[in-house]
Amino acid sequence: MTVLVERLAVIGAGLIGSSVARAAREKGLARIVVVTDQDPAVRARVRELGFAHEVPDSAAAAAEGADFVIACVPVGASGAVAAEIAPALKPGAIVSDVGSVKAAVLEFMAPHLPAHAHLVPAHPVAGTEFSGPDAGFAALFEGRWCIVTPPAEADPAAVETVTALWRGFGSNVETMSAQHHDLVLAITSHVPHLIAYNIVGTAAHLEQTLTSEVIKFSAGGFRDFTRIAASDPTMWRDVFLYNREAVLEMLGRFNEDLSALQRAIRYGDGQALFDHFTRTRAIRRSIIEQGQETAAPDFGRRPGAPAGS
Ligand code: NAP
């Protein structure tokens, strides 16, 4: 593959950052891959794993001379990263991120960046429930979506480079506004994670108070929820703090629809339940047909077929 970036700096070497670095290196998309993390133990592990050419001790040192800096940190940390790298950015440098919420990232990062840098946020809709530099792998983004959310005044050439990089990772790229992204992801990712966190919490509480053996007899459905509810607490705390409005809007709709199902159960309206379940089954089929999931009943989160977040 052709080199798109001379010097790529990855800030944050967790699941996503280490996957970006591995993919850039394996696919030859960047000539030099520089990786850093705020945690010295993570930096030491990155050196051991050997997927970076250089592992400097700070975000500012990593950004020095980079053509493309990508922040792979929790959404709430993106402003601090922007403030730290700003003085080190060379003219024309592209700054991007991978955060699961986009309007907040724009709000947090943009004010810190110099006019000579180009901010083009993006969100790979791919992930697993694992964290840290050991969890990443180069194929994570293959066949998944990456949503690019350039601000209105973004430099077209920078948007093109960001798009080309994600295509190079094997992703399909779609461009939309940050606000639209946040609304769509609230219902497709954020509310489902909240439901998983909630149902697993309820079951754990029952287990304690009623010794109800929910964990012992957890069959497919519940087990899949526990997988989602094992996702990184810091990342998901930030998703709900910084996509508050969209999540609350979607939760309102969710609660109304849940009440309708509750009512059908109360009044023994089998037809309503059957019709609803038939409609939802068709949605599952169309997701599989679009290649975003396999038919296997484990949310497709095996390496090589990761589910989105
Ligand atoms: P992760 O595995 O927990 O890694 C995040 C890393 O960033 C950690 O090593 C963390 O260090 C480090 N970090 C935090 N603040 C930093 C700072 N100011 N400077 C440098 N490093 C810093 O998380 P992840 O799953 O890769 O998520 C990273 C981003 O990707 C998040 O914004 C998330 O919304 C987005 N995302 C995640 C998924 C997913 O499924 N996981 C999918 C798509 C997008 P500490 O441990 O010391 O805090």
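Owing to the predicted nature of the structure, the values given are computational and were not obtained by experimental measurement. (Residues numbered from 1 in each chain as written. Predicted model: local features only at pLDDT ≥ 70, side-chain atom pairs only at ≥ 80, totals over all residues. Heavy atoms only, no water.)

## With respect to the packing of aromatic side chains
Each pair of aromatic rings is reported with the distance of its centres and the angle of its planes.
Alright, step 1. Within the structure shown, the criterion is met by 5 aromatic pairs.
Alright, step 2. Ring geometry for Phe141 versus Trp166: centroids 4.9 Å apart, planes at 85 degrees, classification edge-to-face. Here Trp166 lies in helix H6 (residues 156-168) and Phe141 lies in the loop between strand S6 (122-125) and strand S7 (145-148), a separation of 25 residues in the sequence.
Alright, step 3. A residue is classified by how much of its surface remains accessible, and Phe141, at 0% relative accessible area, is buried.
Alright, step 4. The structure contains a cluster of three or more aromatic residues connected by ring pairs, namely Phe141, Trp166 and Phe169. (Phe/Tyr/Trp six-rings, centres within 6.5 Å; stacked < 30°, edge-to-face > 60°. Helix = DSSP H or I, 4+ residues; strand = E, 2+ residues; numbered from the N terminus. Buried < 20%, exposed > 50% of the residue type's maximum accessible area, 1.4 Å probe, protein only.)

## A short note on the sheet that holds S7
Alright, step 1. Pairing is mixed in the open sheet, where 3 strands are placed in the order S6-S7-S8. Because the sheet does not close on itself, it has two edges, and the strands there are S6 and strand S8 (172-175). The mean angle between the axes of side-by-side strands here comes to 20 degrees, regardless of whether they run parallel or antiparallel.
Alright, step 2. Judged from the 4 bridges that link them, S7 and S8 form a sheet pairing that is parallel. Pairing of Ile147 across the sheet is with Glu174, part of S8. (Pairing = 2+ DSSP bridges. Axes fitted to C-alpha atoms, helices over the stretch in contact; angles between N-to-C directions.)

## A short note on the domain arrangement of the chain
Alright, step 1. What the domain assignment lists for the chain is domain 1 (5-176) and domain 2 (180-300).
Alright, step 2. If you look at the interface, domain 1 gives 19 residues, while domain 2 gives 16 residues.
Alright, step 3. When the two sides are added together, the surface that domain 1 and domain 2 hide from each other amounts to roughly 1500 Å², 61% of it contributed by carbon and sulfur.
Alright, step 4. When the buried surface of domain 1 facing domain 2 is broken down by residue, Ser100, Val101 and Glu129 rank first, second and third, together holding 35% of it.
Alright, step 5. Inspection of the domain 1/domain 2 interface yields 1 salt bridge.
Alright, step 6. A salt bridge links Arg227 to Glu129; the shortest N-O distance between them is 3.2 Å.
Alright, step 7. The tally of links from domain 1 across to domain 2 stands at 7 residue pairs in polar contact (both at pLDDT 80 or more).
Alright, step 8. Of all the elements in the fold, those that place two or more residues in the side of domain 1 that touches domain 2 are helix H5 (103-109) and S7.
Alright, step 9. Residues belonging to the side of domain 1 that touches domain 2 are distributed by class as follows: 10 nonpolar, 6 polar and 3 charged. (Domains from an automatic or database assignment. Contact = heavy atoms within 4.5 Å. Buried area = accessible area lost by both parts, 1.4 Å probe. Salt bridge = Lys/Arg side-chain N within 4 Å of Asp/Glu carboxyl O. Polar contact = N/O pair within 3.5 Å; in protein donor to acceptor, adjacent residues only side chain to side chain. Nonpolar A, V, L, I, M, F, W, Y, C, P; charged D, E, K, R; others polar.)

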